[in-house]
Structures are given as structure tokens and as C-alpha cells.
Amino acid sequence: MSRPPYEDAASPERPAPLGDAPSDGPPDDGPPPDTVSVTAADTPVAAPPPAGSGGTAGSEPSGDLSPVGRLAATVERLRREVRAAQAEAEGRALVELAKGVLVERLGCGPAAAARHLTELAEQAGVTPLELAVDVINQSAQDRLSEVTLGFLDTVAGRARAAEDAEAAVRLRTAESGALAAQDTQAVADSLLQHALGPLGAVAVAIWAAGPDGSLTLAGSAGFAPGESARWHYVPPDVATVARRGLTERTGHWVESLARTSLPSIGRHLFPDGGRVALPAGTGGRIHGVLEIVWPAPLVPQPPQVVRQMEALAELCAHTLETSRPPQASERPPGPLPDATELMDLAEGLHDPALVLVPHLDSAGGLADFRIQHVNSRFLDPAGRPRAVVNGALLLEAYPMAAGESELFQRVERVYATGEPFRARRMALTALVDEVALAATADISISRHGSCVLLIWRIEDETARLASLLQNAQRLGRIGGFEENLLTGEITWNGQMFALYGRPESSPPVPLERLAAHAHPDDAVTIGRFLRTLLHHRRPASAAFRLQRPDGVTRHMRVVAEPVLDTDDRPVALRGAYQDISSQHWTEVALAATRDQLAHTEQQAHERNRLTLQLQHAIMPPTHNTPLEVPGLQVAVRYRPAEEEQLVGGDWYDAVRLPSGLVMLCVGDVAGHGIEAATSMVVLRNALRGLAVTGAGPGQLLSWLNMVAHHLTGAVTATAVCGLYDPARGTLRWARAGHLPPVLVNGEAAVPLPLVKGLLLGAVPETRYEEGELDLATGDTLLMYTDGLIERRDRSVEESLSHLLSTARTVPPTLDQQLDRLLVHSRSDTDDDTCIVGIRVGPRTSDDGEPRDEESRAGESLHA
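Rules used throughout
Residues numbered from 1 in each chain as written. Predicted model: local features only at pLDDT ≥ 70, side-chain atom pairs only at ≥ 80, totals over all residues. Heavy atoms only, no water. Helix = DSSP H or I, 4+ residues; strand = E, 2+ residues; numbered from the N terminus. Buried < 20%, exposed > 50% of the residue type's maximum accessible area, 1.4 Å probe, protein only. Areas by Shrake-Rupley, 256 points an atom, 1.4 Å probe, with all protein chains shown as cover. Polar contact = N/O pair within 3.5 Å; in protein donor to acceptor, adjacent residues only side chain to side chain. Pairing = 2+ DSSP bridges. Axes fitted to C-alpha atoms, helices over the stretch in contact; angles between N-to-C directions. Contact = heavy atoms within 4.5 Å. Arc of directions from axis to C-beta. Salt bridge = Lys/Arg side-chain N within 4 Å of Asp/Glu carboxyl O.

(A) Region of interest: the overall build of the protein. Looking only at helices and strands, one finds 22 helices and 27 strands in the protein. Per-residue burial for the protein yields a buried fraction of 45% across its 863 residues. By element, 53% of the accessible surface of the protein is carried by carbon and sulfur atoms, the whole surface being about 42,300 Å².

Given below as C-alpha cells:
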């Protein structure tokens, strides 16, 4: 349609031409309509709800949704109604302008002009809004009119598509919105919504040129608030896409921003998109630049589209001429420094991330969170583009966040307390056309300054399971295969090639040729495996040694099953290999360890047996060895330090000498075990040999000191030695660094007074003092080693006091008393223990016979 329909109104089937209308007023042949109805259907912006959405735009939400879902659906419906109302209001402004033109041309009233416009639209088969735009274009004859008519002329030769007819409407709607706008920001919003958005543009920036060559961002649409704040001012002589458009008369056209090094607003948001920067000037003066952003590389545009964009740049020039860019004090607050840094941090993340800033109500309370920025990895659960979500409020973009997932409450709590929140497999729900779309994601929420960083990783169940299977196969060293017996096709996964040591470009090995790759000794096992699998048609498994091309032999286990058709015939084989080399060598090492352990146990048993024999050879047993001494009971006890070492460094001896005296002694060689026992044997035998000389105990210890120092490798030891005269009832004794004997008389137990004496082996020669005491009938004398009383947490005096209190209780027999001392011993040093005890009985007659049968029962020695 190159001309408006009212120019051909002279035809009989159409109303009279404009010039024939009477000048004194409209005809009164009926009540004219007061207005021309313009609905959302007349504009390209409004659209009916999609099919299957649950009703029309005015219908209530589906009953299947939760209360929060119904509330979110209601909000979405109201949002669509608001957009439709805005579009209707913008269209109504154009219709009212066209009515004014008709009032001026026809000289009629507004009601007649409205009726005339409706009748012309019906006759031409167009909407009132399209006819109104034609009327305005014919009347204005401006740049927008030329562009519109030129565009329509290019399509006159073919069927007029809906988008062609809407071109003029878009331009005039954008012009109407720009004229009604109060600032350049509203102009940018109107241009993107009505004129540039339908052409595929996703963002627009209007730059105001300063007298010094600087550029100030006067308005923008499609960019995040933080991005606009960062680019609010470009100093002079800084090369950008907008500055190139300022200096080039025909504008600067960039096919792809990635192919140029010029910085520009939103470069990280649309790195591969095309850019157009057109000078905005009127009357030969350039007031600024219109920069248009496409998300993809820009293809060559037809001339009519180029002229449209030039006309829009001229429209921006009129706005820049009549307004001034906001000053620093008037500019809306941009993101705080921590928000800017957080946005840069979010861009470096590999997961979708949103930077949220608090949105306060009029009372200063937290009402919502503004999505200040979404990074380049952003993936919306509902599949919406980033530009739709960027800059919106969180509850507007995701109203279901206040539902069961409690995502909004989590964000609110993190912002209030600063405590981070982490959750795995959290449900995210987005409402699209009243349909709830759910996704599962890992959530991370953290506060940074006054901002909140929300990160989610939407889970792909298929990819997760595939990754889980791959990791399980890798850790278990398992490879899977499948063979088609009909076509011969063999499928291996990557792990199979690694198990075989073959490159992935090599052909897989069929099961029938498995024996050729195995150790020759495993041929029988593999043959049995194949017969069970192919002939008996049953699952089978086998363990064999795989000989790889690199010369390495691995122990493998193969498990397979046949796939049968309806006639029970095998059509395929599937299974898995597992590298069990580690398990095999572990079993081998375990078997060797068992053998070694059994051998060690046998050696230990034999050693214990020999040690026990050594003990019996060195020292007489502590039981059943009588020592016939009239009027004297003698008993001994020996307890080794460790069960594994039955002989230690402690020793004892009780022997009747040729002179009739009884020698009693205990000693303790430093250390225990075989080494201490060897030194103990030397000292014990030496003392027994020296005792036949008839020397006293002091002299015996002096000689024994020389033996310890010179003949035993300079060992040290302690000892106490006593000679008891049964005829007189006296005891002479000496000590070499040893604890004194204990005398038990009735209910009293006291240690004997100390006599001087160094430990054995400390010096080459030394003298030892002797002590002497008389023993009465019933007296008990105890000689012992320190293993009986010594404790790490107590002094020797405290331990000796406990021994004395225990020894005061005198059982009927000497054996019982020594056993009682061992039972009540509190020693914790794990040292050897020896006890030698004597109890004086009644005196004997002259012929040496005991006076009664009772005294004979106490004369046996248990050494």
C-alpha cells in the first residue's frame, strides 16, 4: 500500500473525498462513535496466550498448582495485561494523532474524524492503528515517512506479509514513545521494544557527545545496570565502537565484535555479536551516537532497514538536543564497588552465577533482590535468554523461589547473617506460561559485602550417570564390550583398549581369539569359558593371564553372557573384563605372609621350648625340690618379665654348703632376655663355686664383683647374699646395691638395717659390709628383687611400705605367703621377679630327727 486509502475516496464505493466534506461541521446522520478501539491485537507487541496454557490471558491459574504457584501465575497474567495495556496506550496515541490530522483536513469534529477513520480502515482491510500511521506519514512527510513508504514500495510486488505491514507501526510507535518519554533512558527502552527488537537487536545505547569529545551514556536498554554504570562515561580520545560512529558520517558497522579489538559496552555479554554505531544529528550538528547490539554476527542489511536505523538515530538526535545527560548527582546509583568486583568474579566462574543486590521498599525494608548481573555461563532452568533475567527482580523472574524450595528464604537468610549456604540436588522451579518447570541443581549462596552471589549447577541426570559409570569403571579397572554375532560388529569402551594396552584406533579383539592373547597355560580355562558361553548358552566367567603387546602380563577376569533371540539362538555377546592383577598379587603376598607367619610361629614355639629347658637347666624349679634342713623351711618364686622370654636377669639360689650352713641369695642383672640370662648364669654359678671356700657373705660379694667387672663384659648387677647357721639360728648377710631383706616376726614386718655395698661390676675392687641377726622360731625372712615392688609413679619407699603391709599377714605355710606377695604386687615395670623366703621352725633333737610329724612337713624346699 503506497498511498493511504483516503486519497482514493472519490470512487463510488468509498466515502466522499476529504475536500468535499462541508466546512461548517460534521453531518448529523447518526451518532458517531466517540473513539476508535485499539486493542492489544492491533499492535505487534501483544500476543494471545499459547495454546495449552490453561486459558486466556484473563483466566485464573490452574488448580493443580500450589498456592505459591497460583500466586506466581496470577502475577504473570497481570504482567501480560500491563504490557498489553501499555501497547494499547501507545497505539491509542497514534490514533489520536491521526484523528487530529483528519479534524484539520476535513474541518470536522473529533467524533466524525473517529468514525471516518474506522470506516476507511474497514474498507481498506487494515487495522485502525495501521491506517492511523498511514495518515500520519502522508501528513508529516518527514524522514520516518520516507523510510516507511520506501520500505513498503519494495514489497509492493509480492504478497504483503504481516511483518511488512507492521514496519510503519513499529516506527511510529517508537516515535510516539520517544516523544512521550521524559528522558533519554525511556527513549532507549521504546526504541528497543518497538523498532529494534523486531529487527533482532538485543540492546541499544544512546551516547551524548560532549564538547571535549567525551561520550556520556544518556540511556540504554538490554544491558545490566552494573554494565551501564561502568560505561556511564568515556573520556576523550578513547577508541570505542561508539566513537567510531561519531567520526564516520555513514556510521560504523561491525560484523562481529570478536574480530575487532575495540572495547564497547556489553562486550562480555555479546562477544560475537554485531554492532552498529550511527551518528545522531540534526541540522548538520551531531549530538551523539546510537549504538545497536545484535547477539550474533551481523549480516548485510537491506537499504530500507539501514534507512530505518538512520531515522531512529535522527529521532535520538532530537531527544538529545532537547535534553541533557544526567549529571553525576542525578545519575541513578550504580553498583557498589563490591558489586562490581563480584560481577568480575562471577564472569570467571564455570557455573551459572547471579549477582543479587537488595531491593528495598519505601519504608527501607528488604522487599526483594535485584538480579544485578548474570555471567556468561548462565543457564536458566526455563530456557530463557540472559537478557530476560538480567536486571529483573528475583521474585519476578523466579516467583516459585518463595515456594517449597525456600530459595528466596535461603538468600534472605544469607544476606542477613552472612553465613554461606550450600545444598546438593536442590529443586529449582520456574513458571513459564503458568506451567511449572522443575530442575535439580547444586546451590551455593554467599554474601560479599552488600551483595549476594547465587551459583547453581543444573544437574544433567544422563551426564551424571555416565560420569558415575566411567569413574566406577576407571577405579575398578573394568572395561565393557558387546559383540554382534550376526554382523560381526564389536563395540569396546575406552577402558577396554587401556586394559588390552592397544590404541583406540586398533580393531577390537573378538572372544573367539581370546586364547591368542592369553598365556598358553590358560588355553584350557578359556576353552571351557567359550564352550559354556557359546554352546551351552549360559553366562560364564574365567580368570586368565593377558599378554599385552607391550610385553606386560596382566591377570584378568572376564564375565560374559549371551543375548538370545526368540528362538533361543545367540545373536550377541556382552560382558566385561576386569584387571585383577592387584588382587592376584595381594593374594600371592598374603599366602607368602601366611607361610612366613606359620614358620615364625613354629620358630617361636621351638624357641620357647628351648628357653624353658634352659631355665630348668640354669635354675632349679620353684616346686618339688626338697632341701633337707632341720628346723628351716625354704621356698622360692620366680616370675619372668615377658611370656616370650621365660628366663631373665633375676636369679636366686638356696643351697646347703659342706660346712652345714645354708646360703641364700637373690640377684638382678640389668636388662632381661637371653643376654641378661647369660650374664646371670655366670654370676650365679660363680657365687655357688666361691661359697664352698667357707668365706663370709661380704667376701663372697667382693669376689663376685671382680667376676662381674672382668669376666662378663662389664655387666652390672645387684645382689643380696646370706649365710644361715641352723645350729645357732643366726644369719650373716651382705648386699651389693640391692634392697634389704624383710623380717616378719609375728604381726610386724620391717626391713633389715642397711649395710654399705656398691652394685656388682661398677668398680674393679670394693669391700662389702656384713650384718648379723638372730632368728627366733616362727620368724620369716624375705629376699626379693625390685620387680616385686617397683612402680613408675611411686617412690621406692612408698612401694616398700606396701610390701611391708602385705607381708604382715602370715598364712599357714611359707608357699602361701610367697604366692600372696605375688598376687598383691603392684609393680608396673614389667621386670623379672624373684622371691626367696625362709621360716624358722622348732629346734631339732641331738640325733637330728624332727621332734614331731608336723615339723617334717615344713622342711621341704620349693626352689
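From this point, the discussion proceeds with the structure in view.
(B) Focus on the side chain of E291. Within the secondary structure, E291 sits in strand 6 (residues 285–293). Taking relative accessible area as the criterion, E291 reaches 1% and is therefore assigned buried. A distance of 3.0 Å separates the side chain of E291 from the side chain of W207, its partner in a polar contact. Separated by 2.5 Å, the side chains of E291 and S264 make a polar contact.

(C) The sheet that holds strand 19 (residues 662–669), seen in detail. Pairing in this open sheet of 5 strands is antiparallel, and the strands run 18-19-20-21-24 from one edge to the other. Because the sheet does not close on itself, it has two edges, and the strands there are strand 18 (650–656) and strand 24 (771–774). Mean inter-strand twist for the sheet, computed between neighbouring axes without regard to direction, equals 15°. Here strand 20 (residues 717–725) pairs with strand 21 (residues 730–736) via 6 bridges, running antiparallel. Note that in strand 21 the partner of V720 across the bridge is R735. Sitting on the sheet, helix 19 (residues 697–710) touches strand 20 and strand 21, and the angle it makes with strand 21 is about 25°.

(D) Broad picture of helix 13 (residues 407–417). Buried within helix 13 we find L407, F408, V411 and V414. For helix 13, the buried positions fall inside an angular range of 125° around the axis, keeping them on one side. The exposed set on the far side of helix 13, more than 90 degrees from its buried face, consists of R413 and A416. Residue G418 follows helix 13 closely and has a positive phi angle near 80°.

(E) Up close: the pattern of salt bridges. Within the structure shown, the criterion is met by 20 salt bridges. R574 is the partner of E561 in a salt bridge, and the nearest nitrogen-oxygen pair spans 2.8 Å. Note that E561 is positioned in strand 15 (residues 553–564) and R574 in strand 16 (residues 570–579), a separation of 13 residues in sequence. A relative accessible area of 32% places E561 in the partly exposed class.

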